[in-house]
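For reference, the chains in residue letters:
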Amino acid sequence: MNPFDNPKQFWNEKYATGSFIYGERPNKYFKDQLDKLKPGRLLLPAEGEGRNAVYAACCGWEVDAFDISSAGRQKALKLSERHGVSIRYMNTGYNEFVIIPEFYNAIGLIYAHMHEDARREMHRKLVTGLRPGGTLILEAFANEQIHYESGGPKDEAMLYSREELAEDFEALRLLTLDKCETTIDEGPHHQGRAVVIRITARIQE
């Protein structure tokens, strides 16, 4: 199925398996950056099966997450229950989610890919939800990932460049903006060599 035809059905079918297709452990870059911060309120868009949300909740964060997939939400809530933590997980998409201005201490965008037609506007909308001093953590596939088989969108319009993301988040102070080839090991759907972009950025206090 083409994900653009019916994205909700596409992701529900992907998440319908009994296993966690991106694993149960948090993304390593997200974990490393989050561990440097004092727990507060965290937003995780396109959170899928909940691995990052559950890790953050275990560390004392108040977590809001959303995704269009009801199957992803169900797995995330089961994972949180297994770990004895609570997360607020909404079954909604980017356009429907209402961002509360200056509400979050951190926002994590972990492989939260969106089409180039909506990307910049949505990224800038999400940034308005950061409190003064708040932190953005992002890991995503770079344009070059189209030539790799380790995961990610198969449409170049869904992949990112360093320059595009720098413009998207120009309101923030970029602490890290790296593109690198690495090996990913995150469940059966993220395996092998990949080209990723990693950002840590902070809004002015």
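Fair warning: this is a prediction, and the values are worked out from it, not measured in the lab.

Undergrad: What is the right way to read unusual backbone geometry from this model?
TA: Glycine aside, the phi torsion of most residues is negative, and most peptide linkages are trans. Backbone geometry at Glu102 places phi at a positive 50°, although glycine is not the residue there. Although it is not a glycine, Tyr111 sits at a positive phi angle of roughly 50°. You can see Tyr111 is positioned in the loop between strand 4 (104–110) and helix 5 (116–127). When its relative accessible area of 12% is taken as the criterion, Tyr111 is described as buried.

Undergrad: It is not clear to me how the sheet that holds strand 6 (residues 173–185) should be interpreted in this structure. Could you clarify?
TA: The pairing of strands in a sheet happens through backbone hydrogen bonds and is either parallel or antiparallel. Reading across from one edge, 3-2-1-4-5-7-6 is the order of the 7 strands in this open sheet, with mixed pairing throughout. Both edges of this open sheet fall to strand 3 (88–91) and strand 6, since each of them pairs with a single strand only. Taken pair by pair, the neighbouring strands of this sheet meet at an average axis angle of 15°, ignoring direction. Of the strand pairs in this sheet, strand 2 (residues 62–67) and strand 3 are connected by 4 bridges, and their pairing is parallel. What sits directly across from Asp64, in strand 3, is Arg88.

Undergrad: What am I meant to see in the layout of surface pockets here?
TA: Gaps between atoms show up when a probe of the same size as a water molecule is rolled over them. Roughly 1,200 Å³ of volume is contained in the largest pocket. Forming the boundary of the largest pocket are 45 residues, of which Phe10, Trp11, Tyr111, His113 and Met158 lie nearest the centre. Put simply, the parts of the chain that give the lining of the largest pocket at least two residues each are helix 1 (7–15), helix 3 (51–58), strand 2 and helix 5. Here the residues of the lining of the largest pocket are counted per class, giving 21 nonpolar, 15 polar and 9 charged. As for the second largest pocket, its lining consists of 19 residues, of which Pro26, Asn27, Lys28, Asp185 and Glu186 are closest to the centre. Those elements that place two or more of their residues in the lining of the second largest pocket are helix 2 (28–34) and strand 6.

How each quantity is defined
Residues numbered from 1 in each chain as written. Predicted model: local features only at pLDDT ≥ 70, side-chain atom pairs only at ≥ 80, totals over all residues. Heavy atoms only, no water. Helix = DSSP H or I, 4+ residues; strand = E, 2+ residues; numbered from the N terminus. Buried < 20%, exposed > 50% of the residue type's maximum accessible area, 1.4 Å probe, protein only. Pairing = 2+ DSSP bridges. Axes fitted to C-alpha atoms, helices over the stretch in contact; angles between N-to-C directions. 1 Å grid on protein atoms, 1.4 Å probe; cavity = no way out; pocket = protein on both sides within 12 Å on 5 of 7 lines; lining within 4 Å. Points joined across faces, edges and corners; volume = space filled by probe spheres on them. Nonpolar A, V, L, I, M, F, W, Y, C, P; charged D, E, K, R; others polar.

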